Amino acid sequence: MSFLAPIAVPAPLTARALQALREDILAARLAPGETLSEAATASRLGLGKAPVRAALARLGEEGLVQPVPRRGWVVSLVTVRDIHEVFDLRLLLEPEAARRAARHPHARMGAEALARLDAVCAAGYRPEEAETALGFLEANRAFHVAVAELSGNARLARQVGRLLDESTRMLVLGLRRRDRSGEMAHEHRALIAALVAGEAAQAAELMQAQVAASRAMVLEALTAPDAGLAV
């Protein structure tokens, strides 16, 4: 019998830096166009330069930051082209995922899990606090990925998840200016009903409308004259 308490193994420093920076960028605490120096970032996070340098390189591969000679790194801008490309792909994949999910034999069972996820979304968020919007969007992401998983195509679900990750920052910026939580909760409930009823065409139509409404919200918010954002 061992009397030694288990020792918690700390997360690798690079992983800690990566998680902190990614959350700051997605929550727009680090704004599009903001410059990041390795030294200042390491000091702020209480880490060494090496893990911060590795984390920034990884975020560069993800397209969230870009290297700038002699300046360090800059948080990538959110462009209108980015918005259209991400949401165009979501409109291609997610309605088809919903169509297939409605035809899946386990759709009714899966709908119970979707209802629980929707309850988290229905709680809404506070537009003035990016952290609450990020939590709301994490629940919304889980809802959409769960629908895609019900399609029975694991690769389709993974692609949907990646696109939702890419759209998170866009949606955080958009939700600051307009609270769509009530609308989205209503949309989710209608979609769950269509999945339970096995109405494939209706499920696809509802998903298409949801994704299109999110794109319209983001475009409206980020292109408003008083938005104060570089897009």
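Below is a summary of the structure that appears in this document. In this text the structure is predicted, and so the values were computed from the model without any measurement. Residue indices follow the written sequence of each chain, beginning from 1 at its first position. Whole-chain, interface and lining totals are the exception, using all residues; otherwise, since this is a predicted model, local features are given only for residues with pLDDT of at least 70 and side-chain atom pairs are given and counted only at 80 or more. Each side-chain value is worked out from all heavy atoms of the structure, with water and hydrogens disregarded.

### Brief notes about empty space enclosed by the protein
Only protein atoms enter the 1 Å grid used here, on which a cavity is any set of points holding a 1.4 Å probe that cannot leave and a pocket is any open set flanked by protein within 12 Å on both sides along at least five of seven lines; residues with an atom within 4 Å of a point are listed as lining. Grid points are joined across faces, edges and corners, and a volume is the space filled by probe spheres set on the points. The final tally for this structure, using the stated rule, is two cavities of 30 Å³ or more. Of the voids in this model, the second largest cavity is the one considered here, and its volume is about 30 Å³. Lining the second largest cavity we find Leu137, Asn140, Arg141, Leu164, Ser167, Thr168 and Leu171. Strands here mean DSSP runs of E at least two residues long; helices mean DSSP runs of H or I at least four residues long; both are numbered from the N terminus. Of all the secondary structure elements, the ones that give two or more residues to the lining of the second largest cavity are α6 (130-150) and α7 (154-175). Broken down by element, the lining of the second largest cavity gets its largest block of residues, four residues, from α7.

### Structural notes on the environment of leucine 92
Along the chain, leucine 92 turns up in helix α4 (residues 80-103). Sequence-wise, leucine 92 and glutamine 208 are 116 residues apart; in three dimensions their C-alpha atoms are separated by 8.7 Å.

### Examining the pairing of strand β3 (residues 72-75)
In the case of a regular strand, side chains alternate between the two sheet surfaces. When DSSP finds two or more bridges between a pair of strands, those strands are recorded as paired. Here strand β1 (residues 35-36) runs beside β3; their pairing, made up of two bridges, is antiparallel. Of the residues in β3, the one forming a bridge with leucine 36 is tryptophan 73.

### Description of the pattern of salt bridges
Counted as salt bridges are all cases of a side-chain nitrogen of Lys or Arg within 4 Å of a carboxyl oxygen of Asp or Glu. Evaluation of the coordinates by the stated rule reveals 11 salt bridges. Notably, a salt bridge pairs aspartate 24 with arginine 44, separated by 3.0 Å at the nearest N-O pair. One end of the pair, aspartate 24, is in helix α1 (residues 13-26); the other, arginine 44, is in helix α2 (residues 38-45), and 20 residues separate them in sequence. Exposure is judged per residue with a 1.4 Å probe applied to protein chains only, and the accessible area is read against the type maximum: over 50% gives exposed, under 20% gives buried, and values in between give partly exposed. You can call aspartate 24 buried: its relative accessible area is 9%. Where arginine 53 meets glutamate 38, a salt bridge forms, and the shortest distance between an N and an O atom there is 3.0 Å. Note that arginine 53 is positioned in helix α3 (residues 49-62) and glutamate 38 in helix α2, a separation of 15 residues in sequence. A relative accessible area of 40% means that arginine 53 is categorised as partly exposed. In the salt-bridge network here, residues are joined through shared partners; they are Arg22, Arg58 and Glu62.

### Some remarks on the nonpolar core
We call a set of buried Ala, Val, Leu, Ile, Met, Phe, Trp, Tyr and Cys residues a nonpolar core when their side-chain atoms join them within 4.5 Å. Core analysis: the largest hydrophobic core is formed by 39 residues, its most contacted members being Ile83, Leu114, Val147, Leu191, Leu195 and Val218. Mapped by element, the contributors of at least two residues to this core are α4, α6, α7, α8 (181-197) and α9 (200-222). At 10 residues, the largest contribution of residues to this core is made by α9. Contacts were defined at the residue level, with two residues in contact if any of their heavy atoms lie within 4.5 Å. Excluding residues that lie within four positions of it along the chain, isoleucine 83 makes contacts with Val78, Met170, Arg215, Val218, Leu219 and Leu222. Counting 16 residues, the second-largest nonpolar core is a separate cluster that includes Ala17, Leu18, Ala42 and Val65.

As far as function goes, none of this settles anything; it's purely spatial.
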